[in-house]
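What follows is the residue order along each chain.
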Amino acid sequence: MTTWWRRPSRPADPLIADLHDALAPDRVRNDGAERSLTSHDASVFDGGVSGPVCFPTTTGEVQAIMRIAERHDRAVVPRGAGTGLAGGAIPLGAPIVVCTGKMNNVVQIDLENRIAWVEPGVINLDLSKQLRPKGFHFAPDPSSQQVCTLGGNVANNSGGPHCLAYGVTDAHVLAIEVVLPDGQVAMLGGLEDEPDGLDLRGAFVGSEGTLGIATKIAVRLTPNPPAVRTMLLSFSSVRDAAQTVSDVIASGVVPAALEVMDQPMVTAIERYVGAGYPTDAAAVLLAEVEGLDAGVDIDVAHIDQIGRANNATEIRLAGSDEERAALWKGRKTAFGAVAQIAPDYYLHDTVVPRAKLADVLEQIYEIVDRHEVLVLNVFHAGDGNLHPLLVFDAREEGTLERVHAAGAEILRASLEAGGVLSGEHGIGVEKQQYMEELFGQADLDHQNRLRQAFDPACRANPGKVLPAGHSCADIQALRDVPTGVWG
Amino acid sequence: MSTLASTDVALAGFAAEVGTEGPVAVRGGGTRWNLGGVLTENARLVEVPSGIVDYQPAEMIVTVRAGTNTADLHASLAEHGQTCALPERGGTVGGAVAVGENRLDRLGRGSVRDAVLQVRYVSSEGDVVTGGGPVVKNVTGFNIPKLLTGSLGTLGLIAEVVLRTNPLPPVQRWLRAESVDPRDLRDVVLRPGAVLWDGTSSWILVEGHEADVDSEIERVATRADITSTDGPPELPPHRWRLSPSDASQADRFIDGSFVASIGVGTVWATTAQPVREPDPVAAQIVSRMKQLFDPSGRLNPGRSSWT
Ligand SMILES: Cc1cc2nc3c(=O)[nH]c(=O)nc-3n(C[C@H](O)[C@H](O)[C@H](O)COP(=O)(O)OP(=O)(O)OC[C@H]3O[C@@H](n4cnc5c(N)ncnc54)[C@H](O)[C@@H]3O)c2cc1C
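Because the structure is predicted, anything quoted here is derived from the model rather than measured.

Under the definition given, this model contains 2 aromatic pairs over all chains. Where Trp197(B) meets Phe258(B), the ring centres are 5.6 Å apart and the plane angle is 70°; that geometry is what we call edge-to-face. Here Trp197(B), found in strand 10 (residues 194–197), pairs with Phe258(B), found in strand 14 (residues 258–261); they are 61 residues apart in sequence, far enough to count as distant. A relative accessible area of 7% means that Trp197(B) is categorised as buried. Taking the relative accessible area as the measure of exposure, Phe258(B) reaches 5% and is therefore buried. Ring centres 6.4 Å apart and planes at 45° place the aromatic pair Trp240(B) and Phe253(B) in the tilted group. Here the residue Trp240(B) occupies a position in strand 13 (residues 238–241), and Phe253(B) occupies one in helix 10 (residues 250–253), the gap between them amounting to 13 residues. The class of Phe253(B) is partly exposed, set by a relative accessible area of 35%. A cation over a ring is seen here: Lys216(A) above Trp117(A), with NZ or CZ 5.2 Å from the ring centre. Positioned over the ring face of Trp328(A) is Lys332(A), at 5.9 Å from the centre of the ring.

Within chain B, residue pLDDT values average 94, and 98% of them lie at 70 or more. Here the predicted complex scores 0.95 on pTM and 0.96 on ipTM.

Take the domain arrangement of chain A next. Its domain assignment divides chain A into domain 1 (14–99), domain 2 (106–223), domain 3 (227–335), domain 4 (342–416) and domain 5 (433–446 + 457–478). Summarising the inter-unit geometry, the C-alpha centres of domain 1 of chain A and domain 4 of chain A are found 33 Å apart.

Bringing the domain arrangement of chain B into the picture now. All names here are of chain B. You can read the domains of chain B as domain 1 (2–168) and domain 2 (171–269). Taking only C-alpha atoms into account, the centre of domain 1 sits 30 Å from that of domain 2. Facing the 10 residues of domain 1 at the interface are 19 residues of domain 2. For domain 1, the biggest contributors to the area lost against domain 2 are Glu-101, Leu-104 and Leu-107; these three give 62% of the whole. At the junction of domain 1 with domain 2, the criterion picks out 3 salt bridges. Glu-101 is the salt-bridge partner of Arg-239, the closest N and O atoms lying 3.5 Å from each other. The interface formed by domain 1 and domain 2 includes 5 residue pairs in polar contact (both at pLDDT 80 or more).

Turning our eyes to something else, we now look at the interface of chain A and chain B. On the side of chain B, 73 residues touch chain A, which itself brings 88 residues to the contact. Regarding the contact of chain A and chain B, the summed buried area is about 6,600 Å², with carbon and sulfur atoms giving 56% of it. If you look at where chain A meets chain B, you find 14 salt bridges. The partner of Glu194(A) in a salt bridge is Arg239(B), with the nearest N and O atoms 2.8 Å apart. Between the two partners, chain A and chain B, sit 37 residue pairs in polar contact (both at pLDDT 80 or more). Looking at the side of chain A that touches chain B, the elements that each hand over two or more residues are strand 9 (185–189), helix 7 (200–204), helix 8 (238–250), strand 14 (283–291), helix 10 (293–309), helix 15 (435–438) and helix 16 (441–454) of chain A. The element contributing the most residues to the side of chain A that touches chain B is helix 16 of chain A, with 10 residues. Taken together, the residues that form the side of chain A that touches chain B break down as 41 nonpolar, 25 polar and 22 charged.

To continue, consider the pattern of salt bridges. If you walk through the whole model with that rule in mind, you get 53 salt bridges over all chains. The closest approach of N and O atoms between Arg114(A) and Asp187(B), which form a salt bridge, is 2.8 Å. Taken together, the positions of Arg114(A) in the loop between strand 5 (106–110) and strand 6 (115–118) and Asp187(B) in helix 7 (residues 182–188) put the pair across two chains. With a shortest N-O distance of 2.9 Å, Arg276(B) and Glu192(A) are connected by a salt bridge.

Residue and element names in this part refer to chain A. Near the ligand you find 34 residues, and of these Pro-78, Thr-83, Ser-144, Thr-149 and Ser-158 are the closest. Measuring from an oxygen atom of the ligand, one finds a backbone N or O atom of Ser-143 at 2.9 Å. In this structure, Ala-214 approaches the ligand through a main-chain N or O atom, which is 2.9 Å from a nitrogen atom. Protein coverage of the free-state accessible area of the ligand, which is 970 Å², stands at 99%. Mapped by element, the contributors of at least two residues to the shell around the ligand are strand 3 (76–79), helix 5 (150–156) and strand 10 (213–220). Here the shell around the ligand gets 5 residues from one element, more than from any other, and that element is helix 5. A per-class count over the shell around the ligand returns 12 nonpolar, 19 polar and 3 charged. Each of domain 1 (14–99) and domain 2 (106–223) accounts for three or more of the residues forming the shell around the ligand.

Cut-offs used in this document
- Residues numbered from 1 in each chain as written.
- Chains lettered and ligands numbered in written order.
- Predicted model: local features only at pLDDT ≥ 70, side-chain atom pairs only at ≥ 80, totals over all residues.
- Heavy atoms only, no water.
- Phe/Tyr/Trp six-rings, centres within 6.5 Å; stacked < 30°, edge-to-face > 60°.
- Helix = DSSP H or I, 4+ residues; strand = E, 2+ residues; numbered from the N terminus.
- Buried < 20%, exposed > 50% of the residue type's maximum accessible area, 1.4 Å probe, protein only.
- Lys NZ or Arg CZ within 6 Å of the ring centre and 35° of its normal.
- pLDDT = per-residue confidence, 0-100.
- Domains from an automatic or database assignment.
- Contact = heavy atoms within 4.5 Å.
- Buried area = accessible area lost by both parts, 1.4 Å probe.
- Salt bridge = Lys/Arg side-chain N within 4 Å of Asp/Glu carboxyl O.
- Polar contact = N/O pair within 3.5 Å; in protein donor to acceptor, adjacent residues only side chain to side chain.
- Nonpolar A, V, L, I, M, F, W, Y, C, P; charged D, E, K, R; others polar.
- Near = heavy atom within 4 Å.
- Areas by Shrake-Rupley, 256 points an atom, 1.4 Å probe, with all protein chains shown as cover.

Have a look at this one:
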């Protein structure tokens, strides 16, 4: 058989030509459609049209891209699934975008060390699915886990409902192979419990793509618990629900999850999927405990008692796996439910001390009332991690301004309560301008030094995280949510 | 005004003492004094403030100054049925964080690196710098607490930390087990506090609710000959840092006696671990980091974070 092909002519743009040579022409996209696709992530920010979009398949190709970027003096933006909510993956000023989607192999599952080596484009849930038959899972379970990548989880130090007992991504990453902005490859961390030298691995996790590109990650495997119990507790005030959460934590029980939904959220969920949550309750608390049979029953009794002491109006214990799944179904479809209410949303993310949850929530209700914005709350109460979800219709004149003003006040209320700007979504371009309200100048200066040690030329995802005097892009309307994404 | 900036006069006083010039180091508990190299003779030793600043058992966090004795911290936590990832072996809180070594029961208590939520330190320029934040979950900005933990004081002199605390398990029992592969012990118990092995015998710390502990001990008994014991074996002095799989074969390459932490990888041995070459590119980042944080090289001169 004769095959014949014609070598496509070398592109005129020298940057594109170099990228074609290093990867393959079909894995370097420079058409307007692809470049504007990557101008967004799941946040409300718009980065504008990016430079060329690359799909490397190996660490070597990522190195080549970095070296080409250096030669052409272009910035590089790593990108996973683009589900970030702080604008971390959006391009600022036509950088080269490096999509990790084709680096999606689970390289090795090592049960002896209870780790897996994965490429950064592996989807969070895909890993746990592969591990389940072996009796393990990857503990961080962001609500976006059906689509978000492990590289994105590492870069954002992502959390999820089940990170209360097990810790967020950081506690589940042992080693990271990173391609630095100068094209060199570093191995950060190791399978040892206390690797030598500075904890560069710990510095990299949560760095939002500003220190380099993770090309291989060793993640910790968590054994599946033999016994799980899920409870639903209803309350006639948000304060009672919040107090129950504080009291449970204070009592020494460490539940696997403690999630609160307020009445507007529960109502939206019920209209959407009919999970069987009580719509007359001011707040609903989902509590889950895991472990061995006898212990989980003791924990359930304990939580039940604390709930009663805090005036729970109803307490349900799921009697079977089906009932457990039903209780979680509402929580897991919360974001999909929101899309039914108004065309646009802005999901906030702050952390406050658990004892301040009720106070800050009351402030949030007052703030949104004053700005005539609707809020729904569904949050990781056990960590004090609030997720006020502002819903609105951006087409109405003046709405965006009110949403922004309410959001800023919510952030400030959280800081004044002794909290921080973000529990899991990161800073990205969203919260840079608030960093100075939390940190002093010397503090931010030292964060910048950390960054410079990895990326002296400031080539990896510049303009993110630290306030740098560039102005953030405009908030813009919600785009259609692909089915399944909101899992 | 930033909400995290320190207004503590004791820390300001410490910063003034550190000053802006000349080689300087903190006088710690001295338990791991020569780790990372011998301090140069010209270094001025400064006293770091001590004491628990704020302890909120219900929040499971404690704010503690670096000069506090770890034993005193643990005594205060125990009054509220709590503990933390810092070793109890003596020395100061600042020293324990600067060294970053985990406890023997690390499987149960977690790692020091995961426990440090916020750190305040005095920089090479004599400023009090704050990194992290006083809450249990936080991704606001770069992770300075991770960078400082285990840095052996080479990037900043640690003055105060906010630590995550954990509830003490209701019941803890040490067992000694014979004729069993220690990895089986690890697999048969859901969340052991520790699994140790000296090449012949194994030790396991079973913990949790009493009923669970009883059923786990019964399960262990079907695999091994067990006796209850007061605690772990005596640990040899040298610390080896290995992967869990290497640690469970420590008998093949460690001469002399040893105790290996199964599932963790740390091994205590009578001989020292041969020096390992650092990853060359990571080493470049480390030296740039030192240069950026301490351009004049005045903090803990003579010590290096590669131990
Ligand atoms: C419906 C919905 C629910 C969500 N729920 C949660 C939740 O429960 N908990 C939570 O924590 N987050 C949640 N998120 C936010 C988001 O899903 C997470 O931050 C996720 O980890 C991002 O992964 P990604 O692959 O989409 O990354 P992207 O959005 O593509 O990128 C995120 C950041 O990571 C960087 N990055 C990506 N890959 C790499 C790499 N290989 N190396 C270096 N940097 C890289 C990017 O530059 C960017 O800064 C949710 C988002 C949505 C839309």
